[in-house]
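Take a look at the letters that make up each chain.
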Amino acid sequence: MRIDKYPINSVRLFLLIASMTIFVASSAAQATPQPQGGKVSVCKEIDDDWKCVGESATWPANQPFDVLFENPKPVGVEFIGIVFHKQGPDGKDVDFINEYEQQIGEANRKYATVGGNFRLPAGTYSIYVITWGKRETLVHNGNFKEYLAKTTLTVK
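Visitor: Outline the side chain of Q87, supporting the account with residue identities and numerical values.
Guide: Following the sequence through the fold, Q87 ends up in strand β6 (residues 79–87). At 2.8 Å, the side chain of Q87 forms a polar contact with the side chain of S126. With residues near it in sequence (within four places) discarded, Q87 still touches K92, D93, V94, T124, Y125, S126 and T152.

What follows is the structure in structure tokens.
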């Protein structure tokens, strides 16, 4: 077989390189999901219509609250995590507080806690909703780059 039978001209070379670039870029985008634009709210309670009652970004110390998570599209995972980290003065997570595994179901977009089981002492906190498989299992550094939703709560 002769090599020069199928010569690569500049147009073919350009198309080959462009195709490979698109393939690599789309593979990288799939491998590193970005935050989906969900919302996590701190509430006194959540009503039967998925409305956050008494929503606030500031909360009294050691007073019970619930968390409402709303996502614009189905989460695509069976389990989510609600993760609490205390923030330092610079706004970065410095102390792991706790994490809670919650079954949401792949096709669902909302999750709400009930019963006011969360309480925090005074401080500023990051509250993340993450896919449970992305949690930090051995070391809890916080400052997640990949999450479904995040909010900052100031507790006084």
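So, next bit.
Visitor: Can you lay out the state of the cysteines for me, pointing to particular residues and giving the numbers?
Guide: Per the counting criterion, the structure on display carries one disulfide. The side chain of C43 participates in a disulfide bridge whose partner is C52; the two sulfur atoms lie 1.9 Å from each other. When the S-S torsion is -120°, as for the bridge of C43 with C52, the disulfide is left-handed. Neither C43 nor C52 differs from the other in exposure class; each is buried.

Visitor: Just give me the short version of the sheet that holds β6, but keep the residues and values in it.
Guide: Taken together, five strands build an open sheet; the order of strands is β4-β10-β9-β6-β7 and the sheet is mixed. Two strands close off the open sheet at either side, each with one partner strand: β4 (58–59) and β7 (93–103).

Visitor: Now, about the side chain of N71: what can you tell me, with residues and values included?
Guide: One can find N71 in the loop between β5 (66–70) and β6. One polar contact links the side chain of N71 to the main-chain carbonyl oxygen of K73, over a distance of 2.9 Å.

Visitor: Now, about the environment of V67: what can you tell me, with residues and values included?
Guide: Considering the arrangement of structural elements, one finds V67 in strand β5. The exposure class of V67 is buried, given its relative accessible area of 1%. For the pair V67 and G116, spaced 49 residues apart in the sequence, the C-alpha separation amounts to 8.6 Å. Not counting chain neighbours up to four residues away, the residues in contact with V67 comprise V40, S41, I46, I82, F84, Y111, A112, T113 and F118.

Visitor: Can you explain the sheet that holds β5? Please cite residues and give values.
Guide: A sheet is described by the order of its strands in space; here three strands give the open sequence β1-β5-β8, paired in antiparallel fashion. Pairing within the sheet leaves two strands with one partner each, and these edge strands are β1 (39–43) and β8 (110–112). Strand-to-strand twist of the sheet, defined as the mean angle between neighbouring strand axes without regard to direction, takes the value 10°. Pairing analysis gives five bridges linking β1 to β5, with the strands arranged antiparallel. Paired with C43 across the bridge in β5 is D66.

Visitor: Describe the pattern of salt bridges, naming the residues involved and giving the relevant values.
Guide: For the coordinates displayed, the defined rule picks out two salt bridges. A salt bridge links E55 to K39; the nearest nitrogen and oxygen atoms lie 3.6 Å apart. Remark: K39 occurs in strand β1 and E55 occurs in the loop between β3 (52–53) and β4; sequence separation between them is 16 residues. According to the relative accessible area criterion, E55 is partly exposed, its value standing at 43%. Across the pair E146 and K134 runs a salt bridge, and its minimum N-O distance is 3.5 Å. One end of the pair, E146, is in the loop between β9 (123–131) and β10 (149–155); the other, K134, is in the loop between β9 and β10, with twelve residues separating them in the sequence. A relative accessible area of 43% means that K134 is categorised as partly exposed.

Cut-offs applied
- Residues numbered from 1 in each chain as written.
- Predicted model: local features only at pLDDT ≥ 70, side-chain atom pairs only at ≥ 80, totals over all residues.
- Heavy atoms only, no water.
- Helix = DSSP H or I, 4+ residues; strand = E, 2+ residues; numbered from the N terminus.
- Polar contact = N/O pair within 3.5 Å; in protein donor to acceptor, adjacent residues only side chain to side chain.
- Contact = heavy atoms within 4.5 Å.
- Disulfide = S-S within 2.5 Å.
- Buried < 20%, exposed > 50% of the residue type's maximum accessible area, 1.4 Å probe, protein only.
- Pairing = 2+ DSSP bridges.
- Axes fitted to C-alpha atoms, helices over the stretch in contact; angles between N-to-C directions.
- Salt bridge = Lys/Arg side-chain N within 4 Å of Asp/Glu carboxyl O.

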